[in-house]
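Coordinates in review
Here is what each chain is made of, one letter per residue.
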Amino acid sequence: MIRILFLACLFCLGGCASLAPLSCSPGQQAMLVAELLFGRNIGDRLGVSEAAFGRFVDEEVTPRFPDGLTILAGQGQYRDTTRGVLVREQAKLLVIALKDEPEGRAKLTAIAEAYKQRFNQQSVGTILKPACISF
């Protein structure tokens, strides 16, 4: 019974980013900001070069979000639960502003899945936040 309640709560919370209406200033519109976190190690060493990441963006990201995006270089870390060790690696942070619609969310999922498959990654972190945006 507790599992059923827990799963029901998770299901209900799944769309929380779109539940709370934002009160945006004139000239701004309510949108989502997506942050995708890409680790660049393959195994214990850097495996996704700048050139390979650039090709990935050109082939997988830009066709899905041609209106614009931002890419930042970073350093990340995570606990590898299989080996029980802390792993530090170079990372890329991709930031995209998008309308809160199922099509956009599906595109984000497709990008994450393509990265995992192409570069043999366990995961791609995805953060969605409601925001007031103007360009």
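Residues numbered from 1 in each chain as written. Predicted model: local features only at pLDDT ≥ 70, side-chain atom pairs only at ≥ 80, totals over all residues. Heavy atoms only, no water.

1. Description of helix 4 (residues 102–119)
Going by this rule: Labels follow the DSSP assignment, with helices taken as runs of H or I lasting at least four residues and strands as runs of E lasting at least two, numbered in each case from the N terminus. Any helix carries an expected span of 1.5 Å times its number of residues minus one.
Here helix 4 is 18 residues long and its end C-alpha atoms lie 26 Å apart, about the 26 Å a rise of 1.5 Å per residue gives. Downstream of helix 4 by one or two residues, N120 has phi in the positive range, about 55 degrees.

2. Considering the side chain of E60
The test is simple: The buried label goes to any residue with under 20% of its type's maximum accessible area, the exposed label to any with over 50%, and the partly exposed label to all in between, with areas taken from a 1.4 Å probe on protein chains only. Distance and chemistry together define a polar contact, namely a pair of N or O atoms within 3.5 Å, with one atom able to donate a hydrogen and the other to accept it when in protein, and with adjacent residues in sequence counting only for side-chain atoms on both sides. Only heavy atoms enter the contact rule, under which two residues are in contact if any of them lie within 4.5 Å.
Inspection of the secondary structure assignment puts E60 in helix 3 (residues 50–61). With a relative accessible area of 18%, E60 lands in the buried category. Among the polar contacts made by the side chain of E60, one reaches the side chain of R118 at a distance of 3.4 Å. Once residues lying within four places of it in the same chain are set aside, the contact partners of E60 are I111, A114 and R118.

3. Here's the deal with the sheet that holds strand 1 (residues 29–39)
Across a sheet, paired strands are connected by hydrogen bonds in the backbone, their directions being either parallel or antiparallel. Put simply, the test is: Here, a strand pair is defined by DSSP locating no fewer than two bridges between the strands. Axes here mean lines fitted to C-alpha atoms, for a helix over just the part in contact, with angles spanning 0 to 180 degrees between N-to-C directions.
If you walk across this open sheet you meet the four strands as 4-5-1-6, and the pairing is antiparallel. The open sheet has two free edges, formed respectively by strand 4 (70–80) and strand 6 (125–133), since each of these has just one partner strand. Averaged over all neighbouring strand pairs, the angle between strand axes comes to 30 degrees, with direction disregarded. Pairing analysis gives nine bridges linking strand 1 to strand 6, with the strands arranged antiparallel. Across the sheet, residue L36 finds its bridge partner in strand 6, namely T126. Running at roughly 35 degrees to strand 5 (residues 85–98), helix 3 makes contact with strand 1, strand 4 and strand 5 of the sheet. Along the sheet, helix 4 contacts strand 1, strand 5 and strand 6; its crossing angle with strand 1, the most-contacted strand, is approximately 5 degrees.

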